[in-house]
Amino acid sequence: MRVMNKGQNRRSVLAGLAGTGLLMASPGIIGRARAQSGDAIRLGAPFHRTGIGASYGRWYERTANAALEVINAGGGINGMPVEMIVEDDGTDPKRGVELIEKFSAEHKVDAVFGHLFSHVAAATAPRAGELKMPYFLCSEAHTLAAGGFNRYCFQPSISDVKSQVSSMAPWISENLGKKITLIYPDYAFGYDHRDNMTAAIKAQGGEVVADIAIPPTETTFTRYMPRIPFNTEVIYHVMVGPAVMTFVKELGEHLGSNRPEIFGFIDSLEAVDIGIPQLEYLEGTHFWEGHARYAQADQTEFDKFYREKVGVDENGASVDDARDISTYAHMFSVWETLFAMKQAMEMADYKGPDQKVAFLEAMEAIEGFEASNEFPQGEKLFNGKTHQSFAHQNISKVTDGKLEVVYRTSIEETLYEDETDYTQMSF
Amino acid sequence: MTLHNGKLLALCVVTVIVLFGLQFVLPPYLTLALTRILILSVFAMGYNMLMGYTGLLSLGHAMFFAAGLYAAGLSTYYWGVTLPVAFVLGIVGAFAVSLVIGLLALRTQAVSFMIVTLMFAQAGYLMTLQFTNITGGDQGLTLPTDARSFGLFGMVVDMTSDTARFNLALLIFTVVLAVLFAITQGPLGRLFVAVRENEPRTQMLGFDTYAIKLTAFTVSGTISGTAGALYGLMFGYIGSSFAGFQNSIEALLYTLIGGPGTLLGPLLGTAVMTMLIDRLSGITTAYLIVIGVLLIVVNLWFPKGILGTIRDRWLGWLK
């Protein structure tokens, strides 16, 4: 029979249980909406602080904080200060859904913004509709413009993948080659690229000679490289996640000096310094950039203002640490989305959730944005029916270890036929 | 019929009554969170059946959760079947998958069993990505508006209503709890425990332990799939992340924290883990470190989980 010191054990068990109970029940832990409606605009920000999107999440948060400082210094929105409540979604769809509920029922925010990864947004958007929560995406997925979401979802800043790819395919086919090998992540974001690029390059008289899908969990890529056909004229790559650096290095090692043209989405190298010796082979290759990482010769005053406020230097790195490279090509979407929301709230004279519908209708009525401090990436057309923005896209060439914009598409090149009309949907 | 363990039955009844009452006192968000806890604890209860009662540690239960999720979700997405029918199809799907996988995986033991279940689950996860044109892959599928409500006995149950969802989750939880009470406190449950405690001796007594383990495996997988079907239909979204390894580990952690081999342990474990993650993630970015430390502490000082420790020291009937 086991002998034990009952008193001591009981005490330790009770202490443990009491501790757990206390932790669960303490007022700081059991949160409540912290203030009454009408005294401030509250925005929920579910950022990818951890998980596969963590490098983006960190910079999205920094950009959002900078934008809110500017907004609040200018008097807030309709005379009310703007507060942001940040939660980590772990780049996980399940947690994304939980958080939209938390923002709605507990924090009682006015709107939610900031999701980037498409699978998290895809899971969250339906629940946002059910909760009647205005939900602003900073993603690139085509699902919204294709009619897959609902009237509460908007993407007022960054263009979707279909728009990005179709606007650049003519330039790629005219300047780099017509036989394309696609290398992309084996999930929805990659499929968006595959499907849109295949269609767009075919329309230019070119063809996709191979498409290589790589599982997102992969950490080494050498076994995929031999699948690149010899007749490839252009390698088109778009990889994301912690292993992108390994991917790009191994691609270089495989190709050697006699390589085809390379066109990549900067997603493959967001938050990565391209000036390191292992990436020297990228010299002369091309990248898509939503917003040019390196300050260009014709840098606008707006870009200068935005860099200064977010704390990014002319090389796209943090002003505090030159090795801390930002996700510059994407993170403008957070900044611009906040100013788009501000504009719509001001149009609707928004004071609180009672004017939610007026706020959303005002958003739908916006036709575009001028290039400005608020929209430093450039002017935009906003389609109120599809809830999607269309903007200039940049094609940059690696020159002397820096990205130099060699072509900027017109907005007209990024447009395509409407695939849905959310204004026909009831609130 | 003899009623075994009346005290545990009384505790279960009180638990269900308290859970029902909580919806009237909790703020709206915590009611939503409790809905999710109820569904996930059904998943953990299924896992506990195999790990806690039968002593078989699986690392692939996300596969059964996903089997229920996809069988229910895809049938309503593509064929437009009503939600109750889709729910039943989800259970049937999980039953079929767990039976087939059980027949194969139970030919192995101990570490090999863990690896085989993990491999099957990874194969299942990769299949959901491979057949993206059907499953929607990692981006998943959003169930259509028609699949967000159903008629039952002349009433329309709206799945977007928080009250309806909470009570439906509680109903399914109660049914599963009742079924598991009947199994674990009856002769079948004793056989499961006999296999856990000493399989050769159980064989020597004339029992077919392979059949016992297969029964436990199938019951466990089917219940896990029930949770999956309920989750998919209730939240209107199905995606491959639910088939991922992390989901299997979560079921294991819920069970370990609450107490393996205790009927109500998974509910407690799920509630503690879910609320800790939810609360801590709003306070610190290092919440996963805190969770990790907690797990180490529990394993060092309470290796049998919260209810398992209480059972061993004071309340022997809490099993």
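Note that the coordinates shown come from a computational prediction; the quantities given were computed from them, not determined experimentally.

Turning our attention to the overall build of chain B. Within chain B, the secondary structure is distributed over 14 helices and 4 strands. Its C-alpha atoms give chain B a radius of gyration of 19 Å, within 12% of the compact-globule value 20 Å for 319 residues. In terms of principal-axis extent, the alpha carbons of chain B reach across some 55 × 50 × 45 Å. Buried residues in chain B amount to 51% of all 319 residues. Taking all contacts inside chain B whose residues are at least 6 apart in sequence as the whole, residues at least 24 apart take part in 77%.

As a further point, take helix H4 (residues 118-130) of chain A. Think of an α-helix as turning once every 3.6 residues; residues three or four places apart then point the same way. All names here are of chain A. Helix length check: H4 (13 residues) gives 19 Å between terminal C-alpha atoms against 18 Å at 1.5 Å per residue, within 8%. At Thr 124, H4 is deflected by roughly 30°, the largest bend along its length, and proline Pro 126 occurs up to four residues later in sequence. With 13 of 13 residues buried, H4 lies mostly within the body of the structure.

At the interface, 29 residues of chain B touch 33 residues of chain A. Counting only elements with at least two residues in the side of chain B that touches chain A, the list comes to helix H2 (28-53), helix H12 (265-281) and helix H14 (305-313) of chain B. Residue composition of the side of chain B that touches chain A, grouped by class: 12 nonpolar, 13 polar and 4 charged.

Before going further, it helps to spend a moment on the environment of Ala 199 of chain A. Residue and element names in this part refer to chain A. Along the polypeptide, Ala 199 turns up in helix H6 (residues 188-203). For Ala 199, a count of 14 C-beta atoms within 10 Å puts it in the partly exposed group. Remark: the alpha-carbon pair of Ala 199 and Asn 394, spanning 195 residues in sequence, is separated by 20 Å.

Let's shift gears to the domain arrangement of chain A. All names here are of chain A. Split into domains, chain A comes out as domain 1 (41-159 + 331-391) and domain 2 (161-299 + 307-322 + 395-408). The straight-line distance from the C-alpha centre of domain 1 to that of domain 2 is 27 Å. Facing the 17 residues of domain 1 at the interface are 17 residues of domain 2. Broken down by secondary-structure element, the contributors of at least two residues to the side of domain 1 that touches domain 2 are helix H2 (54-73) and H4. In terms of residues, the side of domain 1 that touches domain 2 owes the most to one element, H2, which gives 6 residues. Class assignment for the residues of the side of domain 1 that touches domain 2 results in 8 nonpolar, 7 polar and 2 charged.

Residue and element names in this part refer to chain A. Taken in spatial order, the 7 strands of this open sheet run E7-E6-E8-E9-E10-E16-E17, and their pairing is mixed. Taken across any chain shown, the strands that pair with only one partner, and hence form the sheet edges, are strand E7 (207-214) and strand E17 (402-408). Strand-to-strand twist in this sheet, taken as the mean axis angle between neighbours without regard to direction, amounts to 25°. Sheet analysis places strand E6 (residues 179-185) next to E7, joined by 7 bridges and oriented parallel.

What follows covers the pairing of strand E1 (residues 41-47) of chain A. Residues and elements named next belong to chain A. For E1, the tally of buried residues reaches 7 of 7 residues, placing the bulk of the element in the interior. By the alternation rule, side chains of E1 split into Ile 41, Leu 43, Ala 45 and Phe 47 and Arg 42, Gly 44 and Pro 46, which are all buried. Bridge count for E1 against strand E2 (residues 82-88) is 7 bridges, and the pairing is parallel. Residue Ala 45 lies in a different strand from E2, and its bridge partner there is Val 86.

Definitions and limits used
Residues numbered from 1 in each chain as written. Chains lettered and ligands numbered in written order. Predicted model: local features only at pLDDT ≥ 70, side-chain atom pairs only at ≥ 80, totals over all residues. Helix = DSSP H or I, 4+ residues; strand = E, 2+ residues; numbered from the N terminus. Rg over C-alpha atoms; globule rule 2.2 N^0.38 Å. Buried ≥ 20, exposed ≤ 12 C-beta atoms within 10 Å, placed from the backbone. Contact = placed C-beta atoms within 7 Å. Expected span 1.5 Å × (residues − 1). Bend = angle between axes of the 7 residues up to and from the residue. Nonpolar A, V, L, I, M, F, W, Y, C, P; charged D, E, K, R; others polar. Domains from an automatic or database assignment. Pairing = 2+ DSSP bridges. Axes fitted to C-alpha atoms, helices over the stretch in contact; angles between N-to-C directions.

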